[in-house]
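# Overview (structure and organization)
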Amino acid sequence: MRISQSDFAARRQQLMDQMTPGSVAVIPSAAEVPRNRDVEYPFRQDSDFYYLTGFNEPDALLLLIPGRNEGQVVMFCRDRDPEMEIWNGYRAGPEGACNEYGADQAYPVAELDERMDGLLEGKARIYYSMGTRETLDGQVRDWLNSIRKKARLGAVAPAEIVMLDHLLHEMRLFKSAQEIEVMREAGRISAEAHVRAMKACNSGMKEYQLEAEISHHFAMNGCRLPAYSSIVGGGDNACVLHYTENRDELKNGDLVLIDAGCELDYYAGDITRTFPVSGLFSPEQKAIYELVLKSQLACIEAIRPGVPWIRIHDLSVEILTQGLMDLGLLKGELEGLIESGAYKAFYMHRIGHWLGMDVHDVGDYKVDGDWRPLEPGMVLTVEPGIYISPQNEHVDEKWRGIGIRIEDDVLVTADGYEILSAGVPKSVAEIEQLMRQ
Ligand code: GLY
Ligand code: MN
Ligand code: MN
């Protein structure tokens, strides 16, 4: 565990420092999700909850109550249960929540309803992200109604519910030194996995077999699960942006696009590389590849504090559109093709996204209506792509079915950037050389 309990405590304090006096924040854990009879999906803690606790169990609720004399950090969690623990493993229980996870007070989650009235009563404001947990939304409403019913006895129900997201997600957007250390490691492991896949690739293999090379490397390095379902798309499948079936055969003459990143201690890597199954690019593949790479390198080079995030996207649009014109794939004037969105037939997504505990991480992209400038400590992906649909009859047949994306993870530093995923080659020469080995 690289994020220490003192880091988690500092995050809770930082959040409480921003809350208004007389308020309470309510942050739920994730729930277990059934996959089929008696089987659950692998449990993954909610990122917000984990960010504030490091606590990895379902059925828990964190309350932060700044200024509360009896303790500011209150946790509800599953009680110890010797029989259930024989079947499903250790539970921290309320005692563990206090001793191991820094709660000032902790109670069995079964006591939630009987205790919440008392904890919320008299507070002016609740910070709670309404609308994502149906059951909890209903419970919050019931707790409020129960306090309101006691109004004639002098009970005062909270008057305001405020979304917690903004305060908390602004914190998560800026990565601490410890978080950056974990993300460097996630980038390194993810990059190694891509190198492994490139080396293993041969025609006749199935896409899932390349996926297995990636998953193997993740798991062998302590990342049992990827940060998102790995995309391994050979040939036309590379033009399906979120292709995850990964079951077709890889063929000589085709490219294969791999978009895969590990999750290490709750932090994501997110890397895409596209390379020829045979190890050699065809002239058309090379032309498109070098255009995507040119735009990716220019976008990364433009990253530094103060540059608006949208400027990086716009730069990718300019370079890709000009390149598509030069190759004869788009006809017209640069400005007009950009204005009309004609380039979107080939480049239909944005340049990237924030990266962190969630692969599409939290944090506003606009502040007060304006695209926000980059600041040190932000991590973003840079992932331009060109996807020429196999059905696109407006272009010469030789281009059809080429799908290329190149994606790296980039930290904004005080005076520029650091690429966290640099360990996997991306020039045509480097890729062809690696695949010859
Ligand atoms: N792997 C998802 C993405 O690149 O956004
Ligand atoms: Mn990706
Ligand atoms: Mn991405």
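Below: a short report on this structure. Quick caveat: nothing in here was measured; it's all calculated off a predicted structure.

## Concerning the coordination of the manganese ion (ligand 3)
Within the protein, the atoms that donate to the manganese ion (ligand 3) are Asp-270 (OD), His-353 (NE2), Glu-383 (OE) and Glu-407 (OE), at distances of 2.0 to 2.2 Å. Considering all 6 donor atoms around the manganese ion (ligand 3), the spread of angles at the metal, 49 to 153°, places the coordination shape in the irregular class. Of note, the donors binding the manganese ion (ligand 3) are all from one chain and are spaced D-x82-H-x29-E-x23-E. Here the manganese ion (ligand 3) and the manganese ion (ligand 2) are spaced 3.2 Å apart, with Asp-270 acting as a shared donor. Of this pair, His-353 sits in the loop between α12 (334–339) and β14 (366–367) while Glu-407 sits in the loop between β18 (403–405) and β19 (408–412), and the two are 54 residues apart along the sequence. We classify Glu-407 as buried; its relative accessible area is 0%.

## As for the coordination of the manganese ion (ligand 2)
On the protein side, the manganese ion (ligand 2) has Asp-259 (OD), Asp-259 (OD), Asp-270 (OD) and Glu-407 (OE) as donor atoms, found 2.0 to 2.4 Å from it. Coordination geometry of the manganese ion (ligand 2): the 6 donor atoms subtend angles of 56 to 171° at the metal centre, consistent with an arrangement described as irregular. One chain supplies every donor to the manganese ion (ligand 2), and in sequence these donors are spaced D-x10-D-x136-E.

## Side note on the site of ligand 1
As a structural note, the neighbourhood of ligand 1 is formed by Tyr-228, Asp-259, Asp-270, His-353, His-360, Glu-383 and Glu-407. Between ligand 1 and the protein, one listed contact pairs a nitrogen atom with a side-chain N or O atom of Asp-259 at 3.2 Å. Considering ligand 1 on its own, with 190 Å² of exposed area, one finds that the protein chains cover 89% of that surface. Its residues assigned to classes, the shell around ligand 1 shows 1 nonpolar, 2 polar and 4 charged.

## Description of the packing of aromatic side chains
In the structure shown here, the tally under the stated rule is 11 aromatic pairs. Geometrically, the ring pair formed by Trp-309 and Trp-354 is tilted, given 6.5 Å between the ring centres and 50° between the ring planes. Of this pair, Trp-309 sits in helix α11 (residues 309–326) while Trp-354 is found in the loop between α12 and β14, placing the two residues 45 residues apart along the sequence. Owing to a relative accessible area of 3%, Trp-309 belongs among the buried residues under this scheme. Grouped by ring-pair contacts, the aromatic residues Trp-309, Trp-354, Tyr-365 and Trp-371 constitute a single cluster. Cation over ring: Arg-11 sits above Tyr-51, and NZ or CZ is 4.1 Å from the ring centre. Over the ring of Tyr-107 we find Arg-115; its NZ or CZ atom is 3.8 Å from the centre of that ring.

The rules we used
Residues numbered from 1 in each chain as written. Chains lettered and ligands numbered in written order. Predicted model: local features only at pLDDT ≥ 70, side-chain atom pairs only at ≥ 80, totals over all residues. Heavy atoms only, no water. Donors = N, O, S within 2.8 Å, 3.2 Å for Na, K, Ca; no water. Tetrahedral: all angles 85-135°; square planar, octahedral: opposite > 155°, others 65-115°. Helix = DSSP H or I, 4+ residues; strand = E, 2+ residues; numbered from the N terminus. Buried < 20%, exposed > 50% of the residue type's maximum accessible area, 1.4 Å probe, protein only. Near = heavy atom within 4 Å. Polar contact = N/O pair within 3.5 Å; in protein donor to acceptor, adjacent residues only side chain to side chain. Areas by Shrake-Rupley, 256 points an atom, 1.4 Å probe, with all protein chains shown as cover. Nonpolar A, V, L, I, M, F, W, Y, C, P; charged D, E, K, R; others polar. Phe/Tyr/Trp six-rings, centres within 6.5 Å; stacked < 30°, edge-to-face > 60°. Lys NZ or Arg CZ within 6 Å of the ring centre and 35° of its normal.

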